[in-house]
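Overview (structure and organization)
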Amino acid sequence: MAATSATSFSVGSTASAGPKVGFTQSKAFSVKLNPKKYLTSFSGLKAANSVSCESQSSFLGSESTLALKQGYNSKARKCGERSYCHVQPQASYKVAILGASGGIGQPLALLIKMSPLVSALNLYDIANVKGVAADLSHCNTPSQVSDFTGESELAACLRDADVVVIPAGVPRKPGMTRDDLFNINANIVKNLVGAVADNCPDAFIHIISNPVNSTVPIAAEVLKQKGVYDPKKLFGVTTLDVVRANTFVAQKKNLKLIDVDVPVVGGHAGITILPLLSKAKPSVTLTDEEVQELTVRIQNAGTEVVEAKAGAGSATLSMAYAAARFVESSLRALDGDTDVYECSYIQSEVTELPFFASRIKLGKDGVEAVITSELHGLTEYEQKALEALKAELKASIEKGVAFVQKQPVTA
């Protein structure tokens, strides 16, 4: 199941942005809900005070949209023959993006700016972030955009944040493995997470900086040393692996993309990425050759993009899309949606490894449940792949832990 959501909205220029933004406009959001149609994703592009809710969300699968439809049909019926009702969204969450002027950070900031649940969007980087913030601030969506440049402004960026997203770091280049990124990005993540611990220790922390298999354990060790570690609120963003798996399976089997949902477990690099094709919904029939072909392509999709860009960058746009989906899921969970599921790399007891990517249920306090059933009844191919990935993932985790233990953070 993909992430389900609360209502999504197109926001007009006269919409109230919620209590934290402080806009003076008084006209409330208006949502036209047709009970015969599904709710749509927030577009943020149409300057109108009311919008129709139509078709499926680009972030959601069919099961999720069905759950949404069932949840809101009762409200729509109460509105009588007019078949619409007014719903007041709560744009009340502060999101901070650390690394906002980079290749992932910029499109990610744009996508998060479109969320009706965000009242404040804080953008941080070591340079060039002021222009990004000015550009985004012209978009007529509720969140107020603020820019923060350099270490001296990092604390102000993070203060009272509900969700912190960290895409900061250097991108992959041709011939560079994820492990090659370690020495540079490990120190970046260590310092940024230390600042998170000092200024917003209760925030959901989304780690995008590669290699995620190591940077999430690094973040955990920093938070432990700071005395504020909550494993339920630390996430390695592996949503891109799910997005790719869904896309490739749909293309391979000529399926409607919105209907496809493939769980991806393990880690977020090479063979540690394990798509469970036997657990795909809807169920698909694949030959052994197709399973191997799809698995390898999903595992190497990042390299596919790096090579296609020929030195001009890595998978920035698809990563931004996937990260925005995970942020939106987190915000919906914080806002009280009780049916939000995503795959994420977290502290785990599912295997003997201390960190492992699984499907999780998100709630107001972070990870509410880990869905372990998907690791039951694996095919022989999947079981062998699961055992094969463990050694590499274990080494990556230990490398991250050792990095922080050798260079303790300042208390």
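Residues numbered from 1 in each chain as written. Predicted model: local features only at pLDDT ≥ 70, side-chain atom pairs only at ≥ 80, totals over all residues. Heavy atoms only, no water.

**Quick word on the environment of D241**
Using the following cut-off: To qualify as a helix, a DSSP run of H or I must reach at least 4 residues; to qualify as a strand, a run of E must reach at least 2; elements of each kind are numbered from the N terminus. Only protein chains enter the accessibility calculation, which uses a 1.4 Å probe. A residue is then buried if its area is under 20% of the maximum for its type, exposed if over 50%, and partly exposed in between. Throughout, a residue-residue contact means that at least one pair of heavy atoms, one from each residue, lies within 4.5 Å.
Tracing the backbone shows D241 in helix α7 (residues 239-253). Overall, D241 belongs to the buried group, its relative accessible area being 0%. For the pair D241 and V262, spaced 21 residues apart in sequence, the C-alpha separation works out to 9.3 Å. When near neighbours in sequence (up to four residues on either side) are disregarded, D241 contacts V264, G267, H268, I273 and I298.

**A word on the pairing of strand β5 (residues 144-149)**
Quick reminder of the rule: Strands are labelled as partners when DSSP assigns at least two bridges between them. A clockwise path from the first strand over the helix to the second, with the strands pointing away from the viewer, defines a right-handed crossover.
Of the strand pairs in this sheet, strand β4 (residues 118-125) and β5 are connected by six bridges, and their pairing is parallel. Residue pairing across strands places N122 opposite S146, the latter belonging to β5. Between the parallel pair β4 and β5, the chain is carried across by helix α3 (residues 129-136), and the sense of this crossover is right-handed.

**So, the packing of helix α6 (residues 212-226) against helix α11 (residues 380-406)**
Under the convention used in this document: Axis geometry follows a simple rule: fit a line to the C-alpha atoms, using only the stretch in contact for helices, then measure angles between N-to-C directions, giving values from 0 to 180 degrees. For a crossing to be left-handed, the near helix must be turned anticlockwise from the far one by less than a right angle; the clockwise case is right-handed. Each residue receives one of three labels: charged for Asp, Glu, Lys and Arg, nonpolar for Ala, Val, Leu, Ile, Met, Phe, Trp, Tyr, Cys and Pro, and polar for the others, Gly being one of them.
Following both chains from N to C, one finds α6 and α11 inclined at 35°, their axes separated by 8 Å at the closest point. As α6 runs across α11, the sense of the crossing is right-handed. On the side of α6, the interface is formed by N213, S214, P217, I218, E221, V222 and Q225, while α11 contributes L393, S396, I397, K399, G400, V401, F403, V404 and Q405. Here the residues of the contact of α6 with α11 are counted per class, giving eight nonpolar, six polar and two charged.

**Here's the deal with the packing of aromatic side chains**
Keep this limit in mind: Put simply, two rings from Phe, Tyr or Trp (the six-membered ring, in Trp's case) pair if the centres are within 6.5 Å, and we call them stacked under 30 degrees between planes, edge-to-face over 60, tilted for the rest.
In this structure the tally under the stated criterion is four aromatic pairs. Judged by centre distance (6.0 Å) and plane angle (40°), the ring pair of Y345 and F355 falls under tilted. Here Y345 is found in strand β11 (residues 340-347), whereas its partner F355 is found in strand β12 (residues 355-363), with ten residues between them in sequence. Look at Y345 and you get buried, because its relative accessible area is 0%. Judged by relative accessible area, F355 falls into the buried class, the value being 6%. Every member of this aromatic cluster is reached through a ring pair, and the members are F204, F235 and F326.

**Considerations on the pattern of salt bridges**
Using the following cut-off: Counted as salt bridges are all cases of a side-chain nitrogen of Lys or Arg within 4 Å of a carboxyl oxygen of Asp or Glu.
Here the structure, examined in full by the defined rule, presents 15 salt bridges. Across the pair K253 and E290 runs a salt bridge whose closest N-O atoms are separated by 3.8 Å. Of this pair, K253 sits in helix α7 while E290 is found in helix α8 (residues 288-299), placing the two residues 37 residues apart along the sequence. The class of E290 is buried, set by a relative accessible area of 17%. Its salt-bridge partner being R359, residue D261 comes within 3.2 Å of it at the nearest N-O pair.

**Brief notes about α6**
How we decide: Take the residue count of a helix, subtract one, and multiply by 1.5 Å to get its expected span.
In this model α6 runs 21 Å from its N-terminal to its C-terminal C-alpha over 15 residues, within 8% of the 21 Å that 1.5 Å per residue would give. Counting buried positions along α6 gives 13 out of 15 residues, so the element sits mostly inside the fold. Two residues or fewer after α6 comes G227, characterised by a positive phi angle close to 75°.

**A look at the nonpolar core**
Generally speaking, soluble globular proteins have nonpolar side chains that are buried together. Cut-off, in case you're wondering: For this analysis, a nonpolar core means a set of buried residues of the types Ala, Val, Leu, Ile, Met, Phe, Trp, Tyr and Cys, connected via side-chain atoms within 4.5 Å.
With 51 residues, the main nonpolar core has L98, L158, V164, I166, I207 and L234 as its most contacted residues. Of all the secondary structure elements, the ones that give two or more residues to this core are β3 (93-98), α4 (154-158), β6 (163-166), α5 (182-199), β7 (204-207), α6, β12 and α11. If we skip the residues at most four places from it in the chain, I207 touches I166, V189, V193, V212, T215, V216, A219, L234, F235, G236 and V237. Grouped together as the second largest cluster of nonpolar side chains are 40 residues, V129, V132, A324 and I360 included.

**Here's the deal with unusual backbone geometry**
Cis geometry is adopted by the peptide bond preceding P211, which originates at N210 and carries an omega value of 0°. Its place among the elements puts P211 in the loop between β7 and α6. K281 connects to P282 through a cis peptide bond whose omega is -5°. With respect to the helices, strands and loops of the structure, P282 is situated in the loop between β10 (273-275) and α8. Positive phi is not limited to glycine here, since N254 has a value of about 55°. Taking the relative accessible area as the measure of exposure, N254 reaches 72% and is therefore exposed.

**What about the pairing of β7?**
By the alternation rule, side chains of β7 split into F204 and H206 and I205 and I207, which are all buried. As defined by bridge partners, β6 adjoins β7 across four bridges and the pair is classed as parallel. Looking at the pairing, V165 lines up with H206 of β7. Across three bridges, β7 lies against strand β8 (residues 234-236) in parallel orientation.

**Details of helix α2 (residues 105-113)**
Looking only at α2, the buried set comprises G105, P107, L108, A109, I112 and K113. Buried residues in α2 make contact with β3, β4, α3, β5, β6 and α10 (317-334).

**A few points about the side chain of E382**
We count it as follows: When charges are counted, Lys and Arg contribute as positive and Asp and Glu as negative, whereas His and the chain ends are disregarded. Within 3.5 Å is the distance limit for a polar contact, defined as a pair of N or O atoms, with the added protein rule that one can donate a hydrogen and the other accept it, and that residues adjacent in sequence qualify only through two side-chain atoms.
In this fold, E382 is placed in helix α11. Buried charge without a partner: E382 forms no salt bridge, and the closest opposite charge is K279, 6.4 Å away. For E382, the side chain forms a polar contact with the main-chain nitrogen of L277, separated by 3.1 Å. A distance of 2.7 Å separates a polar atom in the side chain of E382 from a polar atom in the side chain of S278. Apart from the residues within four sequence positions on either side, E382 is in contact with L274, P275, L276, L277 and S278.

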